[in-house]
Amino acid sequence: MATDYYGVLGLSRGASDSDIKKAYRRLARDLHPDVNPDPGAKERFQEISRAYQALTDPEKRRIVDLGGDPFDNGAGTAGSPFGGAGFGGLGDIMDAFFGGGGTTRGPRSRVRAGGDALIQLELDLDETVFGTTEDITVDTAVLCDLCTGAGTAPGTHATTCTTCAGRGEVQSVQRSFLGQVVSSRTCPTCAGTGQVIPEPCTRCGGDGRVRARRTIQVKVPAGVEDGMRIRLTGHGEVGPGGGPAGDLYVEIVERAHPVFTRNGEDLHCRVTLPMTAAALGTTLTLETLDGDEEIDIRPGTQSGSVLTLRAKGAPRLRATGRGNLHVHVEVETPTRLDAEQEKLLRELAVLRGEDRPASSSEGQGGLFSKLRDALK
Ligand SMILES: [Zn+2]
Ligand SMILES: [Zn+2]
């Protein structure tokens, strides 16, 4: 049976918020473990704290008022972002293993917590780096507005199941060589809830929830990365019988950027420099996520060298500061030289004593001259 949370606080249904607060404070003053050493008091204190929690949270209180237990949300949905289907809770698992043989267990609540939902959100690099606010559209189960979760047609009520007389389980007796074996199992008529709905709500068919498309605003913090999930508490599926909604997980999918690649908080990009610029030095303008940056290329910059722009990467998600932007320099060897350019380069080569490349380890009769001969 669901706990009588009103009774625990000495209240009746329909008590006002301030009645609940007053009743809780009055009881807590007497029962708090700091003031009351009695071992029974501690247990009682936990009871009233739970009742207080159940009745001061509007969502939980709604479940209490529907005859459910907001803390009886089953094990099936906890921690799983893909819940919703499969086991409804610990009760089902117990049933599966032990044939529902528990004697202290009453009918289970018809109201259950909803499953979690997962949706992907594609973002550009500047959005993941600087954060953004996005509207997303989700299809989930929401509370049926006709019966507000009760599942009954207007003006009708759920009734006690006649198959199990409201116990939620039925017993059967079997003869075996050990003698009579009595086993109990979940009542097939009411699925263990002890209640049936004679006239189901026409909108939700008795489930207490309907599918609907909603638009939700998601605040994406600066510095999120591809594959991270943002949890929106209570934006998942509403549970059967109008039970509290699960959570909605928004998974970030970062679109590839034409210039920058990302590695955690660091960004990388490649710039190509003409050989002459690399040799003589230059200043180039790089369009970063923060706007244009002047980059000083020193004379004699080598291909493969990396210039680091501090704090121009992505912000650290759980700390302050930002990562770096690494600029990988690639020096381009000129191709398709015209006669004039070739002449100048040859002169330069002579001036630098670089006009005899064949004088490498291969010597005069080496690879270069062999190649030259072959091409003739
Ligand atoms: Zn039944
Ligand atoms: Zn309904």
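Note that the coordinates shown come from a computational prediction; the quantities given were computed from them, not determined experimentally.

1. As for the overall build of the protein chain
Alright, step 1. The helix and strand tally for the protein chain stands at nine helices and 15 strands.
Alright, step 2. A burial count over the protein chain gives 35% of its 376 residues as buried.
Alright, step 3. For the protein chain, long-range pairs separated by at least 24 residues make up 63% of all intrachain contacts whose partners lie at least 6 apart in sequence.
Alright, step 4. Of the accessible surface of the protein chain, which amounts to about 22,800 Å², a share of 51% is contributed by carbon and sulfur atoms.

2. Points about the coordination of the zinc ion (ligand 2)
Alright, step 1. Those protein atoms acting as donors to the zinc ion (ligand 2) are Cys144 (SG), Cys147 (SG), Cys201 (SG) and Cys204 (SG), and they sit at 2.3 Å.
Alright, step 2. When the donors of the zinc ion (ligand 2) are listed by position in the chain, the intervening gaps give C-x2-C-x53-C-x2-C. Here cysteine 147 is found in the loop between β2 (132-143) and β3 (159-160), whereas its partner cysteine 201 is found in the loop between β6 (195-196) and β7 (209-220), with 54 residues between them in sequence.

3. Looking at the sheet that holds strand β9 (residues 248-254)
Alright, step 1. Taken in spatial order, the three strands make up an open sheet running β1-β9-β8, and their pairing is mixed. Among the strands making up the open sheet, the edge pair consists of β1 (117-123) and β8 (229-232). Here the average twist between neighbouring strands, direction ignored, is 25 degrees.
Alright, step 2. With seven bridges connecting them, β1 and β9 associate as parallel partners. Bridge pairing in β9 links leucine 118 to tyrosine 249.

4. Section: the environment of valine 271
Alright, step 1. Counting through the fold element by element, valine 271 comes out in strand β11 (residues 266-274).
Alright, step 2. According to the relative accessible area criterion, valine 271 is buried, its value standing at 10%.
Alright, step 3. Counting along the chain gives 59 residues from valine 271 to glutamate 330, while the straight-line C-alpha distance between them is 6.1 Å.
Alright, step 4. If we skip the residues at most four places from it in the chain, valine 271 touches Leu286, Val327, His328, Val329 and Glu330.

5. Details of the pairing of strand β13 (residues 291-297)
Alright, step 1. Taken together, the seven bridges between strand β12 (residues 282-288) and β13 define a ladder with antiparallel strand orientation. Bridge pairing in β13 links leucine 284 to isoleucine 295.
Alright, step 2. Between β12 and β13, which pair antiparallel one after the other, the connecting turn spans two residues.

6. A few points about a negative patch on the surface
Alright, step 1. A contiguous patch of negative charge on the surface is contributed by Glu287, Asp292, Glu294 and Asp296.
Alright, step 2. In terms of residue count, β13 provides more of the negative patch than any other element does, three residues in total.

7. A look at the packing of helix α2 (residues 17-31) against helix α3 (residues 39-56)
Packed helices, taken two at a time, are described by the angle between their axes plus the distance between the axes.
Alright, step 1. Interhelical geometry of α2 versus α3 gives an angle of 165 degrees and a closest axis separation of 10 Å. The orientation of α2 relative to α3 falls into the category roughly antiparallel. Considering the relative orientation of α2 and α3, their crossing is left-handed. Note on element contacts: α3 touches α2 through Ala41, Arg44, Phe45, Ile48, Ser49, Tyr52, Leu55 and Thr56, opposite Ile20, Lys21, Tyr24, Leu27, Ala28 and Leu31.
Alright, step 2. Across the contact of α2 with α3, the residue classes tally to 10 nonpolar, two polar and two charged.

8. Details of the coordination of the zinc ion (ligand 1)
Alright, step 1. Distances from the zinc ion (ligand 1) to its protein donors, Cys161 (SG), Cys164 (SG), Cys187 (SG) and Cys190 (SG), fall within 2.2 to 2.3 Å.
Alright, step 2. Coordination geometry of the zinc ion (ligand 1): the four donor atoms subtend angles of 101 to 116 degrees at the metal centre, consistent with an arrangement described as tetrahedral.
Alright, step 3. Mapped onto the polypeptide sequence, the residues donating to the zinc ion (ligand 1) form the spacing pattern C-x2-C-x22-C-x2-C.
Alright, step 4. Owing to a relative accessible area of 1%, cysteine 187 belongs among the buried residues under this scheme.

9. Focus on the sheet that holds strand β14 (residues 306-309)
Alright, step 1. With respect to topology, four strands assemble into an open sheet ordered β10-β11-β15-β14, the strand pairing being mixed. Looking at strand neighbours, the two that pair on one side only are β10 (261-263) and β14, the edges of this open sheet. The sheet shows a mean angle of 30 degrees between the axes of neighbouring strands, direction not considered.
Alright, step 2. Sheet analysis places β14 next to strand β15 (residues 325-332), joined by four bridges and oriented antiparallel. Directly across from valine 306, in β15, lies its bridge partner histidine 328.

The rules behind these values
Residues numbered from 1 in each chain as written. Chains lettered and ligands numbered in written order. Predicted model: local features only at pLDDT ≥ 70, side-chain atom pairs only at ≥ 80, totals over all residues. Heavy atoms only, no water. Helix = DSSP H or I, 4+ residues; strand = E, 2+ residues; numbered from the N terminus. Buried < 20%, exposed > 50% of the residue type's maximum accessible area, 1.4 Å probe, protein only. Contact = heavy atoms within 4.5 Å. Areas by Shrake-Rupley, 256 points an atom, 1.4 Å probe, with all protein chains shown as cover. Donors = N, O, S within 2.8 Å, 3.2 Å for Na, K, Ca; no water. Pairing = 2+ DSSP bridges. Axes fitted to C-alpha atoms, helices over the stretch in contact; angles between N-to-C directions. Patch = residues over 30% accessible without salt bridge, like charges linked within 9 Å, V, L, I, M, F, W, Y side chains within 5 Å. Salt bridge = Lys/Arg side-chain N within 4 Å of Asp/Glu carboxyl O. Lys, Arg positive; Asp, Glu negative; His and termini not counted. Charge placed at Lys NZ, Arg CZ, Asp CG, Glu CD. Parallel < 35°, antiparallel > 145°, perpendicular 65-115°, else oblique. Left-handed = near helix turned anticlockwise from the far one by under 90°. Nonpolar A, V, L, I, M, F, W, Y, C, P; charged D, E, K, R; others polar. Tetrahedral: all angles 85-135°; square planar, octahedral: opposite > 155°, others 65-115°.

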